[in-house]
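Here's the letter readout for the chains.
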Amino acid sequence: MKVNTKELRQALEFVRPGLAKKEMIAQSTSFAFVAGRVITYNDEISISHPIPLEAVVGATDAESLYKFLSRVTTEEIDVKSTDTEILISAGKAKVGILLEREIRLPLTITEVEQQATWKTLPEKFLHALRFVLFSCATNMSLPALMCVHVREDGIIESCDNFRLTQYKVEGNIPHFLLPFSTVQELVKFDITEYYHNPTSPGWVNFKTSQGTIFSSRVYEETFPDTTPIVQEGEPIAIEFPSAIEAVLARGEVFTNERNLETREMKVTIGAGVLTIQARNETGWLNESAHIRYRGATIAFNISPKLLRDMVCEDRCCTVDMKKRQIRFTGNEWLHIITLSVDGG
């Protein structure tokens, strides 16, 4: 069967995040081919994508197949299978890769494709996931807080006991908890639909317009009630200076979103002075700007990108000294940070 090399390679790239790093579960480091789809599964997520290889059924080593296709320069390849091998002809190269006819992975994803009644996701669901992801906890002693909480009322939130981020989307969606590591992969996909089977509550499924299905385990924990945090006390308004966006852009140079120790910068607000401090593996920044503020000196840590996104929408925030919070609010979102306050 003739197959476009680029299209097949792209299909494998779509499903690669579902591969396990080590094969703790049989075939979890394999590409499985069944019913015209390629599937991966690692017990946390499972991803499938349609491919024009209906005649190939079985599981094969993912690394060998992907590496070979990455080095193929011909526009088309010829793919066949026997009871034990996938046979590929690419120009003058002929390759045989071990094929296990018996697929031992849980194939619930194929059942999803056959049985699901897909529903449209709220328009800003994907943006909301990206927006709240930063406030997930990284401490494994707080498993529920290591998840993004999707609520039935359309609020998507995360909290690590120091920060709370909420984003309100329009539309109905069932309640579930998505692990942080899963959301990191999910936001790379342009998902438009979802399916949640109430008789199989342990998984939630998402689908893209290209037919990719991303299935995720949901966490069976109770997310804490964040209402007490959200309730306002005695807020004082603060307006950031007009130069704040440029200052934050410079601070972003010296942070690293991929490193927990250097992904944030420190913001200190004192009597008329705003100070930004950032440091990563390559250097540091310390920059001050004038701000209209006469209260006690306060400090907090935050991602410069997140703060820049927020102040682009509204340069105002509020400080609640009684609750020791700084609060940023937009039309659809809320971000609250616990403050460090001098003298307390």
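As a reminder, the structure under discussion sits directly above these lines.
Residues numbered from 1 in each chain as written. Predicted model: local features only at pLDDT ≥ 70, side-chain atom pairs only at ≥ 80, totals over all residues. Heavy atoms only, no water.

J.: Honestly, the overall build of the protein in this entry has me stumped. Any pointers?
T.: When its secondary structure is counted, the protein shows eight helices and 25 strands. Its C-alpha atoms give the protein principal-axis dimensions of about 75 × 45 × 35 Å. Here the protein holds 344 residues, and 49% of them are scored as buried. Pairs at least 24 residues apart make up 62% of the contacts formed inside the protein by residues separated by at least 6 positions. When the accessible area of the protein is evaluated, it comes to approximately 17300 Å², of which 49% is carbon and sulfur surface. Of the side-chain charges in the protein, 37 are positive and 45 negative, and the distance between the mean point of each set is 5 Å. (Helix = DSSP H or I, 4+ residues; strand = E, 2+ residues; numbered from the N terminus. Buried < 20%, exposed > 50% of the residue type's maximum accessible area, 1.4 Å probe, protein only. Contact = heavy atoms within 4.5 Å. Areas by Shrake-Rupley, 256 points an atom, 1.4 Å probe, with all protein chains shown as cover. Lys, Arg positive; Asp, Glu negative; His and termini not counted. Charge placed at Lys NZ, Arg CZ, Asp CG, Glu CD.)

J.: Explain helix α2 (residues 62-70) here, please?
T.: Working note: α-helix, 3.6 residues per turn, so residues spaced by three or four point in the same direction. Buried within α2 are the following residues: A62, L65, Y66, F68 and L69. Taken around the axis of α2, the buried residues stretch over an arc of 165°, which confines them to a single face. Taken together, the buried residues of α2 touch α1 (5-15), β2 (30-34), β5 (58-61), β6 (76-81), β7 (85-90) and β8 (93-100). (Arc of directions from axis to C-beta.)

J.: Before we go on, may I ask you to explain the environment of V253 in this structure?
T.: Structurally, the position occupied by V253 is in the loop between α7 (244-252) and β18 (265-269). Owing to a relative accessible area of 53%, V253 belongs among the exposed residues under this scheme. V253 sits 31 residues away from W284 along the chain, and the two C-alpha atoms are 8.7 Å apart.

J.: Hey, could you run me through the environment of S340 in this one?
T.: Examined against the element boundaries, S340 turns out to sit in strand β25 (residues 340-341). You can call S340 partly exposed: its relative accessible area is 46%. Through-space distance from the C-alpha of S340 to that of F300 is 6.3 Å; in sequence the pair is 40 residues apart. Sequence-distant contacts of S340, defined by excluding residues within four places in its chain, comprise T297, I298 and A299.

J.: Would you take a moment to explain the packing of aromatic side chains for this structure?
T.: Note on aromatic pairs: each is described by the distance of the centres and the angle between the planes. This model, assessed by the stated rule, comprises nine aromatic pairs. Residues F300 and F328 carry aromatic rings whose centres are separated by 6.3 Å and whose planes lie at 65° to one another, so their mutual orientation is edge-to-face. Of the two residues, F300 sits in strand β21 (residues 298-302) while F328 sits in strand β23 (residues 325-329), which places them 28 residues apart along the sequence. Accessibility expressed as a relative area gives 1% for F328, which makes it buried. Grouped by ring-pair contacts, the aromatic residues F125, F176 and F206 constitute a single cluster. If you follow R16 out to its NZ or CZ, it ends over the ring of Y66, 4.0 Å from the centre. (Phe/Tyr/Trp six-rings, centres within 6.5 Å; stacked < 30°, edge-to-face > 60°. Lys NZ or Arg CZ within 6 Å of the ring centre and 35° of its normal.)

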